[in-house]
Each structure stands twice: as structure tokens, then as C-alpha cells.
Amino acid sequence: MTSQEYIKKELQRFLDEHNLSNIEIILERPKEEAFGDYASTLALQLARHLKKNPRQIAEEIKNFITLDNRYISKIEIAGPGFINFFTSNENLYVQLSEILEKKEAYGKSSLGQGKKANIEFVSANPTGPLTIGHGRGAVLGDTIARLLKNIGYQVTREYYFNNAGRQMRVLGDSVRLRYLELCGQKVDFPEDYYQGQYIIDIAREIYNEKGDALKDENDVTYFKEFAEQVIFADIKKTIRRLGFEFDVFYNEKSLYDEGKIDQVVQQLREKGLVAERDGAVWFLTSKLGFDQDRVTIKSTGEPTYRLPDIAYHVEKIKRGFDLIIDIFGADHIATYPDVLAAVKALGYDVNKIKVLIHQFVTLYEGEEKVKMSTRKANFITLDELMDEVGVDVTRYFFLMRSMNSHLNFDLTLAKKQSDENPVFYIQYAHARICSILKLATEREIERAAKVEFNLLNSKEELNLLKHLVQFPQTIEMAALNFEPHRVVNYLFELASLFHKFYTECRVISDDLALSQARLALIDAVRIVIANGLKVLGISAPEHM
RNA sequence: GCGCCCUUAGCUCAGUUGGAUAGAGCAACUGCCUUCUAAGCAGUGGGUCGGAGGUUCGAAUCCUCCAGGGCGUACCA
């Protein structure tokens, strides 16, 4: 048991005794050292219920708690009624050995044991290479998947795409026109077609293979499918380079083939939620509290994205997931409320669906804002970014900020030198530790059978220990709240505490017992940094 | 007009779910390498937490209104 768990347990015992069990216990970590290691505001909260002076309640709580020196050394009451707990070093040493024992497993938990999660992200239609905008969603999705896995979920990474719509027809026709150019024909290339060089490359591939045999082919199908195949292969390569793979590529088409789409329309019709108007089929969202109705099937007979999206979400629920996550960019914000409303109207539990929206990535070249659009082809691809700054920096940048804040990405800065980048600060701490551990091995300093942990009692050592033991909880909070940046901040702080320790405390010295204790400590730091970076998909180098 | 996100140091952002004197990285300035990696450490300056009300013991955090920025608001996805 950790000190924190012990304190919570004792507070809970107090609440139970007073028939107040339904009050949530929150322990804070005070900023000020003088306020202890953990603080509770329970007395302040209870003042209302008990109609008593909070300081008096705090006093009662203090007297109620068993002061077990294995967990806490001191309790103080301060200010209006804060209860400040000072943990015992004893407990830190116990947990230190736990980290050393558990190694890679430290930080994992079984909160989500036996539960299945599906996380759908990227889901870009294969009309071009993945851009930096997709990159943020990709890295966020993968990292959330890793986090959920860490707390015990069985996770499916899923990519949903639609190769039947207008976008893909335009793609096919773009390739066809470029192909005709290669055949020597003069064509009018529409402005709203895909302008990128990659379209010409694909057309050239076709030309090299077929010559001008297809120059009278007016059906775009061949061109579309060829382009899709080439582009998808490219996307998969980029994803693999980013450090993961999708378990499922879910094609909208199967929903039609298996009649799932018709089924949804039928069910909505039975509920009186669709109506025909102006030759189109409308989804009567106004009946569900929205300001206007939405088209589900266009007058051309082609469904809008809404219909397959509804069917797709119903499918995901039926596939038995306990948690279904969708990750979208901010530009798709409008596309899900009515979809979820429909799923709910059909009688499914939408509470297990969590929609996460990440804000945009704005790219800067120095001061200059770079406007990007796949269609116009003035974009920077994820691959180009990784070429310039590497995978670790790429992932770190996308993860370091909360997803609902806009991300400014200064390319020239990232390109020119990466020393300033905080990812190196964390990796450097890891490399430094590895190098000390290596030296210890070279000098044949064995790990003592029984390390004298109590030699670790300087401010730097204790601060490091106190932060180390926060790791499992940090992972848990990051996973449950879908907030990878918490792990980033945690690791940055850990690295900072380590670097401070490093300048103040010499690890390998003439004092063998102390050296062994400190080697144990830094090994634990190494383990936690490595585990943390692994969750983020960032490498933990041994040399730098 | 309506919906979602944002507004915290010169810049980019955190802020442990409502707590005590609001933090970090860049940038600026000043120190520290003969010893385990200076991609590091220590220090200085820098703030009306966009504004105004409200809720309460207590607000950067919750509510209302206002201002500014972003993204949407399709028979595109």
C-alpha cells in the first residue's frame, strides 16, 4: 500500500464512522513544501454537512487517524482547515523496491481488465498522403490506445474509410486527366481537382504499365482503384513509420453489401424519423432537438456520410466494445452530434461512445503561416516532417499539448536544430542514467543483496522518489481522461528532478553503500522514464 | 445568427477536476565543466489569469453576460 492509499483509507474510515460514505475523497499534492506531501480539504467540505467549524473537524480527523509510521510521519492542520500529511520515507523505499521488481510492468494496472476498447482515428479517405493535420490525430489515437492497453483494456485500432463517394471519383478523374496529358493530349485540368505531384506520379505509373491503351477509357473506375491502392500503401507505410499499425481497416462498402444501410433507413422510418422531400430522404433531426433536418440520401440516390456513419457506429456497438472512441479534427465537429442522436434513437447506449476532437495544427515557417490543403497540394506531408525532425520529435510535438488547444508548429525552428526540443531533455536523462549504470558495471559494483535505501535522504533524492511513485496514477488519469499530455508533463518534471539530483549528488563514489542505494534509485528513474516514453511511442536511447 | 474550442509572463503552453504566495519551456541577462554525458544545473527580471457580474469559507478553474481569435454551420467527408 502506498502512503496515499493509506491516507485515503483512513479518511474513508472516518467518513464511514460518521455515515458520510458518499463523499468523494480527494487528496492534493500541495505546491508548498511546508504543506506536506498530501493535503485534504475534507474538513472544509464537511463543514457544511456537519455545521461545525472546519478547524474543529480537522482536529477530529487528525485525532481519528492512526499515525502509522510506515506510511505517514506527521499530520498538521493549517489555514482554514487544511489537513496536511507528511509521508514517511519508509514508504518511499518500499515503493522504490517495487519499481525495481516490477520493471516494465510498473505503471500498468488492471482497471480495464476484461474490457474491450475500439479506437477509430485517422480515417482519412485515400486521396493523398497523410499531412501534418492527420499526424496529430494519428499520434493522439495511437497513444490513447497505448494508454488504455496499459490499464488493461484490450484495444482495437481502427481506420474507417469511404471509397465510394464523390471525393474518390474526383481523385480517379484527376489521375485520368493527368494520364491523358502523358498520352500527349491537351486537357483542361479543373481547379478543384487534386493538384499534387503525386497524382502525376500515379498517372505515370499507369502510363508506364499500359501505354496509351486507356486513353479512350471514360470510366474512372480503373484510375480510381489504381490510385487508391497506391495511396493506401503509402499511408500504411507512413503509419508504420510513426510506430504502429491498425488492426482493422473498415470499409464503408461492407455496410452496403451486408444490408446494414437499408436496415438503418428502415428502422429510422419505423420511428418516424425520416421523410422524403424534394426527391431526397431527410433525417428529421428537428424531432430530436436539433435546429434543422439533415439529408441522409441525396436526390441522386447517393447517401450522405451520415447514413453509413450511423450504421457503422451501430456495428461497433454490436461488436461488443465497452468503450468506443472516435477521434476527429475540429473541422469535423458538426458531423457527429446527429449521428449519435440517430444511434441513440435506434435504442443503443451511446454513453460508451466518446468523441474526442482535437484542434488544428497551424504550421509556421518562421513567422509565416503556411496554409494547407490536400486539394491544392501545398501541404507538408507527415513523411516530410519525419524526414526533417525524426519520429520522436514528431510524436512529442503532437502530444505535448492538450488536444483542445491549437498547436503551432514552427517548422523552421523544428528543422534547423532540435536541441531546444524538450523531448531531448527527457531522453538525455535516460541516456545519462544508462551511462552511469554502465560505468558501475565496468567498475564491478554489484547490487547489494539488501540495499540501504535509508541512505537516500537528501532533498533531491526524496523529491525524486516522491515523483516516481506518482507514475501509476499519472498513467491512470491520462488513460481515463484520454489526455496523453499528462504523461508528457510528468516525464518532463521527472527528467528535471533527475537532472537536479545529478548535479547535487554523485552516484558512484567511495561510499559503496551509498553508491549502491543511488544506483538503485537511478535505475528506478530509468525504468519509469523508459516505461513512460514507451507509452508515448518515443524511444529511450542509451547514448546521445 | 447558431454550435464547439481557445484567450494565463515578450512568445509557445501547463495548471493534479474548486484550494494555501498562479508554474514551465523558449527568448533576455548573470554565474557553474580537471570528477558518473554542459542536449545539464543555479540565479535575475517578467502577470489586472481577455473584461464585468454571480455562486461560497475559497474561483485561472463552476454559472451568466460581453469582447477578441479559430473551426464548423452542404443534397462534401
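All of these numbers come straight from a predicted model, not from anything done at the bench.

K.L.:
Describe the domain arrangement of chain A, and please don't skip the residues or the numbers.
P.N.:
It is common to give the size of an interface as the accessible area that goes away when the parts come together. In terms of domain boundaries, chain A breaks down into domain 1 (3-87), domain 2 (166-242) and domain 3 (421-536). Its C-alpha centre places domain 1 at a distance of 30 Å from the equivalent point of domain 3. Of the residues lining the interface, 6 residues belong to domain 1; the matching set on domain 3 comes to 4 residues. In this assembly, domain 1 packs against domain 3 so that about 420 Å² is buried in total across both faces, 31% of it on carbon and sulfur atoms. On inspection of domain 1 and its partner domain 3, the count reaches 1 salt bridge.

K.L.:
Would you mind going over the packing of helix α10 (residues 260-270) against helix α11 (residues 306-318) in detail, with residue names and values included?
P.N.:
Between α10 and α11, whose axes approach to 9 Å, the crossing angle comes to 100°. Our classification of the angle between α10 and α11 gives roughly perpendicular. In this structure, α10 uses Lys260, Ile261, Gln263, Val264 and Val265 to contact α11, whose residues at the interface are Leu307, Pro308, Ile310, Ala311, Glu315 and Lys318. A per-class count over the contact of α10 with α11 returns 7 nonpolar, 1 polar and 3 charged.

K.L.:
So what's going on with the sheet that holds strand β3 (residues 72-78)? Residues and values would help.
P.N.:
Backbone hydrogen bonds are what pair the strands of a sheet, in a parallel or an antiparallel way. Pairing is antiparallel in the open sheet, where 4 strands are placed in the order β1-β2-β4-β3. Each edge of the open sheet is held by one strand with a lone partner, namely β1 (27-28) and β3.

K.L.:
With reference to specific residues and values, describe the pattern of salt bridges.
P.N.:
Across all of its chains, the model carries 29 salt bridges by this definition. A salt bridge links glutamate 76 to lysine 74; its shortest N-O distance comes to 3.4 Å. Residue glutamate 76 is classed as partly exposed on the basis of its relative accessible area of 29%. Between arginine 157 and aspartate 142 there is a salt bridge whose closest N-O contact spans 2.9 Å. In this pair, arginine 157 sits in strand β6 (residues 154-161) while aspartate 142 sits in helix α5 (residues 132-150), placing the two residues 15 residues apart along the sequence. Classification of arginine 157 by relative accessible area gives buried; the value is 11%. Overlapping salt bridges bring together Asp142, Arg146, Arg157 and Arg395 as one network.

K.L.:
Account for helix α17 (residues 471-480), naming residues and giving values.
P.N.:
Of the residues making up α17, those classed as buried are Phe471, Thr474, Ile475, Ala478 and Ala479. Seen along its axis, α17 keeps its buried residues to an arc of 125°; they face one direction. Against α5, α16 (459-468), α18 (485-504) and α19 (512-536) lie the buried residues of α17. Looking one or two places after α17, you find phenylalanine 482, whose phi comes out positive at around 55°.

K.L.:
Residue-level account of the environment of glutamate 217, with values.
P.N.:
With respect to the element layout, glutamate 217 can be found in the loop between α7 (197-210) and α8 (221-242). A residue is classified by how much of its surface remains accessible, and glutamate 217, at 32% relative accessible area, is partly exposed. Considering only alpha carbons, one finds glutamate 217 and glycine 289, 72 residues apart in sequence, at a separation of 48 Å. For glutamate 217, the contacting residues outside a window of four places in its chain are Arg176 and Phe223. Among the polar contacts made by the side chain of glutamate 217, one reaches the main-chain amide nitrogen of aspartate 219 at a distance of 3.4 Å.

K.L.:
Tell me about the nonpolar core, and name the residues and values.
P.N.:
Ranked by size, the top nonpolar core spans 123 residues in total, and within it Leu148 and Phe409 carry the most contacts. Sequence-distant contacts of phenylalanine 409, that is, excluding residues within four places in its chain, are made with Val361, Thr362, Leu363, Tyr364, Leu385, Phe397, Phe398 and Ala414. In this structure, Val281, Ile297, Ile324 and Ala342 belong to the second largest nonpolar core, which totals 31 residues.

K.L.:
Requested: an account of the environment of threonine 362, with residues and values cited.
P.N.:
Topologically, threonine 362 is positioned in strand β13 (residues 361-365). Accessibility expressed as a relative area gives 17% for threonine 362, which makes it buried. Ignoring any residue separated from it by four or fewer positions in sequence, one finds threonine 362 in contact with Lys369, Leu407, Asn408 and Phe409.

K.L.:
Talk me through unusual backbone geometry; I want residue IDs and the actual numbers.
P.N.:
Despite not being glycine, asparagine 19 has its phi angle at roughly 55°, a positive value. Here asparagine 19 shows up in the loop between α1 (3-17) and β1. On the accessibility criterion, asparagine 19 (70% relative accessible area) is exposed. With a phi close to 45°, serine 123 is a non-glycine residue in the positive phi region. If you trace the backbone, serine 123 turns up in the loop between β5 (116-120) and α5.

K.L.:
Quick rundown of helix α3 (residues 54-64)? Include the residues and the values.
P.N.:
Residues lying three or four places apart along an α-helix face the same way, a consequence of the helix completing one turn every 3.6 residues. Those residues of α3 that sit buried are Pro54, Ile57, Ala58, Ile61 and Phe64. One side of α3 holds all its buried residues, which, seen down the axis, span an arc of 120°. The secondary structure elements touched by the buried residues of α3 are α1, α2 (42-50), β3 and β4 (82-87). Put simply, asparagine 53 is the residue that caps the front of α3, since its side-chain oxygen is 2.8 Å from the backbone nitrogen of arginine 55.

K.L.:
Tell me about the protein's contact with RNA strand B, residues and numbers included.
P.N.:
Close contacts around RNA strand B come from 64 residues, with Lys298, Tyr428, Arg432, Ser435 and Asn481 the closest. In the model, a phosphate oxygen of RNA strand B is placed 3.0 Å from a nitrogen or oxygen of the tyrosine 305 main chain. Asparagine 481 is positioned with one of its side-chain polar atoms (N or O) 2.3 Å from a base oxygen of RNA strand B. Among the secondary structure elements, those contributing two or more residues to the surface near RNA strand B are α2, β4, α6 (166-182), β10 (294-297), α15 (422-442) and α18. Its residues assigned to classes, the surface near RNA strand B shows 25 nonpolar, 23 polar and 16 charged.

Calculation rules
- Residues numbered from 1 in each chain as written.
- Chains lettered and ligands numbered in written order.
- Predicted model: local features only at pLDDT ≥ 70, side-chain atom pairs only at ≥ 80, totals over all residues.
- Heavy atoms only, no water.
- Domains from an automatic or database assignment.
- Contact = heavy atoms within 4.5 Å.
- Buried area = accessible area lost by both parts, 1.4 Å probe.
- Salt bridge = Lys/Arg side-chain N within 4 Å of Asp/Glu carboxyl O.
- Axes fitted to C-alpha atoms, helices over the stretch in contact; angles between N-to-C directions.
- Helix = DSSP H or I, 4+ residues; strand = E, 2+ residues; numbered from the N terminus.
- Parallel < 35°, antiparallel > 145°, perpendicular 65-115°, else oblique.
- Nonpolar A, V, L, I, M, F, W, Y, C, P; charged D, E, K, R; others polar.
- Pairing = 2+ DSSP bridges.
- Buried < 20%, exposed > 50% of the residue type's maximum accessible area, 1.4 Å probe, protein only.
- Arc of directions from axis to C-beta.
- Polar contact = N/O pair within 3.5 Å; in protein donor to acceptor, adjacent residues only side chain to side chain.
- Core = buried A, V, L, I, M, F, W, Y, C linked by side-chain atoms within 4.5 Å.
- Near = heavy atom within 4 Å.

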